[in-house]
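Inside the fold
Residue-level listing of the chains:
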Amino acid sequence: MTDERLKPSELRSARWFAPDDLRSFGHRSRMMQLGYSEEEYRDKPIIGILNTWSGLNTCHSHFPERVQDVKRGVAQAGGLPVELPAISVDESFNKPTSMLYRNLLAMETEENIRAHPLDGVVLMGGCDKSTPGLVMGAISAGVPMIYLPAGPMLRGHYAGRILGSGSDAWKYWDERRAGNISDEEWLGVQGGIARSAGVCMTMGTASTMTAIADAMGLTLPGASSIPAVDSGHMRMSNACGRRIVDMVWEKLTPDRIVTRASVRNAAIVAMATGCSTNAVVHLIAMARRAGVNLTLDDLDALGRDTPLLANVRPSGKDYLMEDFFYAGGLRAMMKQIEDRLDTSCLTVTGQSLGENLEGAQVYNDDVIRPLSNPVYREGSLAVLRGNLCPDGAVIKPAACDPKYHFHEGPALVFDSYPEMKKAVDDETLEVTPDTVMVLRNAGPQGGPGFPEWGMLPIPKALVKQGHRDMLRISDARMSGTSYGACVLHVAPESYVGGPLALLQTGDIVRMDLENRRLDMLVDDEELARRRAAWTPPAPRYERGYGYMFSRHVSQADKGCDFDYLQADFGRAAGEPDIF
């Protein structure tokens, strides 16, 4: 940590307000129009609070109150807080998927910061894509930033049973399809599964990504574990406001925090939490904004070596994020694997990761397991390759039936979700537990936007026979709250001519998890014939944002960022001209 502190005359916002010229006169006049006296911002850091609240984002419904806590903290530390809205991407209501808009949030974040007189920013997010979107944009903008995670909602309850977001929705839906629960019970689950503000309380994508931001050093220590409606969340929000002001004076910018070592720390921690498969796409994209070339092979190597310690559903068996918090939270879990982390990494506190972990304790070693008794001996993710996925595919071994870790079976191929949905509800469908269900045209371009369709529903005929898992393959994503033997993110996707486009119903597919292989047992000569006969599908978009998305989005193994936003595309824009 450098002892050299920023001088008031060096504040970025001073370019807008300090000069004695007509342009600055206009800026100062407009601040007076907003009700600010010059004493409120002269020689003080102006802190932008990027708030992803909306009236339809349930995960962030408490943000109108939390932003007041942040503002209070900024003012206490001698800064001027300014709230700016940012697009609210949430997986509940954004269709076809909020992933279509992650990069739009990143662009908005970067340009919002660059265009305005902001010396530092507090990023308020939590729901799935909001964490990577905000962080990616802020990394590219380069001003001091701190991430404020929304926090998980309270655990669900119905009829004396604890319910977990997403995971129990899938579970009880299958029971309803099998005729095992009544409409009254179904409505009871519907009303009891989401009881408060906050993100999904399973270790889904939201809690995975806030944990990644935490482990990377971008949040206050342990902030990702605090439940959204806990009073500690208010205090943490206030502390974010105070801390960002000091970060401005300390010149603590994200390039000093997001390094190859901190990215590796974040990946290791993600594996130990039982992370969402979506962590792969988002972490690669975040790392590459910082110039760190993280790859699928890097993540697979860490997955082979990192045990799963967080006994939190869906990879864990018994507990939810509220229990994880009471057991000590992320700091306690990181303390268990401290010797595997680079504890010298700098964090937003101005201290090292190791200093932030001092005193962390586990209060329930069934929720946060010791290394001697992990939930699963390897990490939560594995990367497959083969003639079906030469650029990679992802599976979550701990969340599927072990009997599918090696499997051969005939493919049942669907070209669209409606086609697949109609088939699985047909009780006369010719399917067995050995069948390999395949959905294609659901990737970044084919979906469009890479929707969460990858946990394909088990055919009704099999559900009624008592089956609850089978091998499923797609170029889609799936919700981090999902589970099962689902191979995802097949790259290249079928829509752009990846090998998945050549697979036919009846072809034998083999998955060998131990050897990280996924292959269709079809000879090269036959594949060449199919390749020659393949024709590209019609474009999904002919105008607008979707058109831009389709032309510039990368494939799943590259993080699905836009090519022109990555650090290696070209020199970043400088400070805006002010004339």
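Before any of the text, the structure's been laid out above.
Conventions used here
- For every chain, the first residue of the written sequence is number 1, and numbering continues from 1 along that sequence.
- In keeping with the predicted nature of the model, local features appear solely for residues at pLDDT of at least 70, side-chain atom pairs appear and are counted solely at 80 or more, and the whole-chain, interface and lining totals rest on all residues.
- The side-chain numbers reported here are obtained from all heavy atoms of the structure, hydrogens and water having been left aside.
- Should DSSP find at least two bridges between two strands, the strands are regarded as paired.
- Secondary structure follows DSSP: runs of H or I at least 4 residues long count as helices, runs of E at least 2 residues long count as strands, and numbering of each begins at the N terminus.
- Definition used for salt bridges: Asp or Glu carboxyl oxygen within 4 Å of a side-chain nitrogen of Lys or Arg.
- Partly exposed describes any residue whose relative accessible area lies between the buried limit of under 20% and the exposed limit of over 50%, with all areas from a 1.4 Å probe on protein chains only and scaled to the type maximum.
- Crossover handedness is defined by viewing with both strands directed away from the observer: a clockwise path from the first strand over the helix to the second marks the crossover as right-handed.
- Note on aromatic pairs: the rings of Phe, Tyr and Trp (six-membered ring only in Trp) are paired at centre separations within 6.5 Å, and the planes decide the class, stacked below 30 degrees, edge-to-face beyond 60, tilted for the rest.
- Here a helix's expected span is defined as the number of its residues, less one, multiplied by 1.5 Å.
- Any two residues whose heavy atoms approach within 4.5 Å are treated as being in contact.
- Residues adjacent in sequence count toward polar contacts only when both atoms are side-chain atoms; beyond that, a polar contact is any pair of N or O atoms within 3.5 Å, and within protein one must be able to donate a hydrogen and the other to accept it.
- An axis is simply a line fitted to the C-alpha atoms; with a helix, the fit covers only the stretch in contact. Between two such axes, the angle follows the N-to-C directions and lies from 0 to 180 degrees.

1. Some points on the pairing of strand S14 (residues 517-520)
Looking at chain direction, strand S13 (residues 508-512) and S14 are connected through 4 bridges and run antiparallel. Paired with Val509 across the bridge in S14 is Met520. Between S13 and S14, which follow one another and run antiparallel, lie 4 residues, and Arg516 among them has a positive phi close to 60°.

2. Some points on the pattern of salt bridges
One pass over the structure, following the stated rule, counts 41 salt bridges. Here Arg176 and Asp183 are joined by a salt bridge, their closest N and O atoms 2.9 Å apart. Residue Glu452 is joined to Arg477 by a salt bridge in which the shortest nitrogen-to-oxygen separation is 3.0 Å. With Glu452 in the loop between strand S10 (436-439) and helix H17 (460-464) and Arg477 in the loop between strand S11 (472-474) and strand S12 (486-491), this pair connects stretches of sequence that are 25 residues apart. The structure contains a network of salt bridges with shared partners spanning Glu91, Asp128, Lys129, Glu452 and Arg477.

3. Examining the pairing of strand S3 (residues 120-125)
When you tally the buried positions in S3, you get 6 out of 6 residues, the bulk of the element. Neither face of S3 is exposed, since Gly120, Val122 and Met124 on one face and Val121, Leu123 and Gly125 on the opposite face are all buried. In the sheet, strand S1 (residues 46-51) pairs with S3 via 5 bridges, with the strands oriented parallel. Each bridged residue has a counterpart across the sheet, and for Ile49 the counterpart in S3 is Val122. Pairing of S3 with strand S4 (residues 145-149), which is carried by 5 bridges, proceeds in the parallel orientation. In the sheet register, Val122 faces S4, and the bridge partner there is Ile146. Read as a crossover between parallel neighbours, the route from S3 over helix H5 (residues 130-141) to S4 is right-handed.

4. Concerning the packing of aromatic side chains
For the structure on display, the rule yields 9 aromatic pairs. Ring geometry for Tyr101 against Tyr545: centres 5.8 Å apart, planes inclined by 20°, an arrangement best described as stacked. Linking Tyr101 in the loop between strand S2 (80-85) and helix H4 (102-115) with Tyr545 in helix H19 (residues 544-552), this pair joins segments that are 444 residues apart in sequence. Taking the relative accessible area as the measure of exposure, Tyr101 reaches 23% and is therefore partly exposed. Between Phe325 and Tyr326 the ring centres are 5.8 Å apart and the planes differ by 50°, which places this aromatic pair in the tilted class. Taking the relative accessible area as the measure of exposure, Tyr326 reaches 46% and is therefore partly exposed.

5. A closer look at unusual backbone geometry
Along the chain, Arg313 connects to Pro314 via a cis peptide bond; the corresponding omega equals 10°. Inspection of the secondary structure assignment puts Pro314 in the loop between helix H12 (296-305) and helix H13 (321-326). Following Ala491, the chain continues to Pro492 via a peptide bond in cis, the omega torsion being -5°. Here Pro492 lies in the loop between S12 and S13. With a phi angle near 70°, Phe450 is a residue other than glycine that sits in the positive phi range. Tracing the chain through its elements places Phe450 in the loop between S10 and H17. A positive phi angle, near 60°, is found at Arg516, a position not held by glycine. Relative to the elements of secondary structure, Arg516 occurs in the loop between S13 and S14.

6. A look at H5
At 3.6 residues per turn, the α-helix brings residues three or four places apart onto the same side. In this model, H5 (12 residues) spans 16 Å end to end at C-alpha, consistent with the 16 Å of a helix rising 1.5 Å per residue. Burial analysis of H5 places 11 of its 12 residues in the buried class, the great majority of the element. Of all the positions in H5, only Ser130, Thr131, Pro132, Gly133, Leu134, Val135, Met136, Gly137, Ala138, Ile139 and Ser140 are classed as buried. Where H5 is buried, its residues meet S1, H4, S3, S4, helix H8 (205-215) and helix H11 (278-289). A positive phi of about 90° marks Gly142, the residue just after H5.

7. Observations concerning the side chain of Ser479
Structurally, Ser479 can be placed in the loop between S11 and S12. For Ser479, a relative accessible area of 13% puts it in the buried group. Engagement of the side chain of Ser479 in a polar contact is seen with the side chain of Thr481, the distance being 2.7 Å. When neighbours within four sequence positions are excluded, Ser479 is seen to be in contact with Trp170, Thr205, Asn278 and Glu452.

8. So, the sheet that holds S14
Strand pairing in a sheet relies on backbone hydrogen bonds. The paired strands run either parallel or antiparallel. With respect to topology, 8 strands assemble into an open sheet ordered S7-S8-S12-S11-S10-S9-S13-S14, the strand pairing being mixed. Of all the strands in the sheet, the pair left with one neighbour each is strand S7 (382-384) and S14. When the angles between neighbouring strand axes are averaged without regard to direction, this sheet yields 30°. Examined bridge by bridge, S10 and S11 share 3 bridges and lie parallel to one another. Bridge pairing in S11 places Val438 opposite Ile473. Sheet contacts for helix H16 (residues 417-424): strand S9 (406-414) and S10; angle to S9, the most-contacted strand, approximately 110°.

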